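Structural overview for review
So the chains spell out like this:
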Amino acid sequence: MKWSREKSLTVFYFALYLVAALTIALHQPLNDTYPLLQNPPDEHSRYKVPLYICNHGTLPTGYEEELFSGDCRWTYGFYTLLPYMAQGYAMRFVNLFTDSEVALLYTARLVNVTIGLVMAYIVLLLGKKLFRDHRVRWLFCFLVTFLPQSLFLHTYVNPDSMCLLSTALMLYGLVGGAEDGFSFKSCAILTTGIVLCALSYYNGYGFILGSILFFCACFIRRQGGKWGYDWKPFFRKGLLISATVLLCIGWHFVRNYVLYDGDFIGLDSKENLIRSYGISRDTYFSEGKPLSSMLFGTNFFLKVALSFIANYGSVSLYTWKIIYLFYAGIFVLGIAGAIFGRNPEEKAWTDRKLLRVFFHIAMAVCVAVPFILLVRYAYATDYQAQGRYLMPGMVPFMYYVAHGLEKLPFWKKSGERWKNILSALAMAGIAGALLVTVYVSALPYYLEVPVL
């Protein structure tokens, strides 16, 4: 059987992910090294949750002394626990064979590396449904999987990795459901994505909202010149998904309700604990400063933009300036093409214009809600101008970037040969940006830090 270019690109795609992700996961400073400039964000505090699960075989509350880190008077035990459960019980299994602290930490990190690998596969399948042109499909896959910050989130202990996978699953289930009338397979994929999102990261809940909106729109029909709604399949499949989701996630919110005196989410209890130590956090809101002073009186947008592209270590390691300019150029061209380009060549639902409108509305919700939550949190709770908080909207954002690029005049008017060259150059640039970020900008710093 002849080895095709498609197979070669597929092997390269997965190999590059594994090589880059494993390099970072295995070379980042280990837990509680000092100073923390090269450590992954908050990993020294987050890791205490799966370590507790590993040691005790049970889930912690947010009040466990073992979860506190130094002067930090709150813990990640108040948050969603599913990612930490996956890591903690994997560590508990490895602990049957070794007591090595390094092996246990690597186990927790490799759980997220594996989650990222699964996500890379789902993104590959999703691209086949969203794009006719295989070159644009691969460009989309590279943009999602090899964005340096995206890959970074799959290399250390955090809930972001599972949340990213959940968004890809939800979008894949929605697109498939729009095509096959929400078959059992599509419903199962969508349900899995919603469950993983609900139990991994509150910042991703906007994607659940967007998914519900698009799911409801999929049952609008026009027959004989009249609009109608397929209520029967909507209720049958909607109730099945809803009941399964509630069954799978209900335990978490009931547990919070019991543990934290009616606080279903747990975050109010976390804030109450902080205040009980007499700690108050100064914010723009508490100081009476207007939101505009944060957004436009600081470099908020620049910090968010840079850390959305690449910001390793404890929000301290940046990559080359040309890489930020490279991605800025791609994003600007792609979004401009998506907004102003004509004659879209979308693969999905070309004969269902209203559904396509709802799809774009839903995706806009998925992209906008993480940004709104980021601004609200930075203004009223804790100033964190970090692009990683926008990652729940990354997959639909990259869809618009890739789709916008194929709508640009220079792409549409190019022949097949030039399209091959342009796409190859773009993908080579994306892969090169990742390699530079990992091996030139980050790894040398990691190798300098002593393990304590």
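Scroll up to find the structure.
Anyway, here's the lowdown on the structure attached to this text.

What counts, and where the lines are drawn
- Residues numbered from 1 in each chain as written.
- Predicted model: local features only at pLDDT ≥ 70, side-chain atom pairs only at ≥ 80, totals over all residues.
- Heavy atoms only, no water.
- Helix = DSSP H or I, 4+ residues; strand = E, 2+ residues; numbered from the N terminus.
- Salt bridge = Lys/Arg side-chain N within 4 Å of Asp/Glu carboxyl O.
- Buried < 20%, exposed > 50% of the residue type's maximum accessible area, 1.4 Å probe, protein only.
- Disulfide = S-S within 2.5 Å.

Observations regarding unusual backbone geometry
Positive phi, close to 60°, is recorded for F182, a residue that is not glycine. By the element assignment, F182 lies in the loop between α8 (160-180) and α9 (184-198).

Describing the pattern of salt bridges
For the coordinates displayed, the defined rule picks out nine salt bridges. The shortest N-O distance in the salt bridge between E416 and R135 comes to 2.9 Å. Here the residue E416 occupies a position in helix α19 (residues 416-448), and R135 occupies one in helix α6 (residues 134-146), the gap between them amounting to 281 residues. Put simply, D230 and R221 hold a salt bridge, and the shortest N to O gap is 3.3 Å. We classify D230 as partly exposed; its relative accessible area is 27%. In this structure R221 comes out as partly exposed when scored by relative accessible area, which is 26%. Ionic contacts of the salt-bridge type, sharing partners, join the residues D133, R135 and E416 into one network.

A short note on the environment of P148
The residue P148 is located in helix α7 (residues 148-152) in this model. Taking the C-alpha atoms as reference, P148 lies 9.9 Å from A21; in sequence the two are 127 residues apart.

Structural notes on the state of the cysteines
One pass over the structure, following the stated rule, counts zero disulfides. Free cysteine: C163, not disulfide-bonded; nearest cysteine sulfur from C197 at 4.7 Å. Take C216: it sits in no disulfide, and the sulfur closest to it among the cysteines is that of C218, at 9.0 Å.

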